[in-house]
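Observations on chain architecture
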Amino acid sequence: MVNTRTSFFEIEDVIEDKNIIILNDLLNKGRKIELTDFGFSHTAKIDYLTFFRPVSMCGGYITSGIILLYEKRTYDYILRQLQNRNNAKAMNDDLKKYSVFFKLGCRLPVEHK
């Protein structure tokens, strides 16, 4: 598996009939990925934010199984929290990075409509 590091993404597009989600990587500027996920592609909403580990497989990406979801309105708050000294140190370690995003998710629940 290549490039299986966790990251924070904006959902740019959803192609439901092909089970594809186009994601913009917010931690690695300029990187976009095409994610194939049968379940998530039918529930994902454009402009939501997500944190997970994309797994490279057969020229595409799949999820690692755990996806954290945030409303786009929380983007600025999340960026400020990531600039916190303790959180900035955690960005180099995937497990610590997951912990930071998980805790942020606990404080910022997504309202499903």
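On a predicted model such as this, the values are computed, not experimentally measured, just so you know.

1. Re the overall build of the protein chain
Looking only at helices and strands, one finds three helices and seven strands in the protein chain. Secondary structure of the protein chain in N-to-C order comes out as β-β-β-β-β-β-β-α-α-α. Its C-alpha radius of gyration of 14 Å places the protein chain within 12% of the 13 Å reference for a compact globule of 113 residues. With the C-alpha coordinates of the protein chain rotated into their principal frame, the extents come out at 40 × 35 × 25 Å. Across the 113 residues in the protein chain, those meeting the buried criterion constitute 42%. Counting every atom, the protein chain has about 6,900 Å² of accessible surface; 52% of that belongs to carbon and sulfur. Across the protein chain, the centroid of the 17 positively charged side chains sits 10 Å from that of the 14 negatively charged ones.

2. Quick notes on the pairing of strand S3 (residues 32-36)
What you see with S3 is a clean split: Ile-33 and Leu-35 sit on the buried side and Lys-32, Glu-34 and Thr-36 on the side with no burial. Inspection of the sheet shows strand S2 (residues 20-25) paired to S3 by five bridges, in the antiparallel sense. Residue pairing across strands places Ile-22 opposite Glu-34, the latter belonging to S3. Between S2 and S3, which pair antiparallel one after the other, the connecting turn spans six residues, and Gly-30 there sits at a positive phi close to 90°.

3. Overview of the packing of helix H1 (residues 75-83) against helix H3 (residues 94-107)
Interhelical geometry of H1 versus H3 gives an angle of 140° and a closest axis separation of 11 Å. As summarised for this structure, H1 and H3 are arranged oblique, according to the angle between their axes. Judged by the twist between their axes, the crossing of H1 over H3 is right-handed. For the pair H1 and H3, contact is made by Tyr-77, Ile-78, Gln-81 and Leu-82 and by Val-100, Phe-101, Leu-104 and Arg-107, respectively. When its residues are assigned to classes, the contact of H1 with H3 shows six nonpolar, one polar and one charged.

Rules used in this analysis
Residues numbered from 1 in each chain as written. Predicted model: local features only at pLDDT ≥ 70, side-chain atom pairs only at ≥ 80, totals over all residues. Heavy atoms only, no water. Helix = DSSP H or I, 4+ residues; strand = E, 2+ residues; numbered from the N terminus. Rg over C-alpha atoms; globule rule 2.2 N^0.38 Å. Buried < 20%, exposed > 50% of the residue type's maximum accessible area, 1.4 Å probe, protein only. Areas by Shrake-Rupley, 256 points an atom, 1.4 Å probe, with all protein chains shown as cover. Lys, Arg positive; Asp, Glu negative; His and termini not counted. Charge placed at Lys NZ, Arg CZ, Asp CG, Glu CD. Pairing = 2+ DSSP bridges. Axes fitted to C-alpha atoms, helices over the stretch in contact; angles between N-to-C directions. Parallel < 35°, antiparallel > 145°, perpendicular 65-115°, else oblique. Left-handed = near helix turned anticlockwise from the far one by under 90°. Contact = heavy atoms within 4.5 Å. Nonpolar A, V, L, I, M, F, W, Y, C, P; charged D, E, K, R; others polar.

These figures come from the coordinates and say nothing about function on their own.
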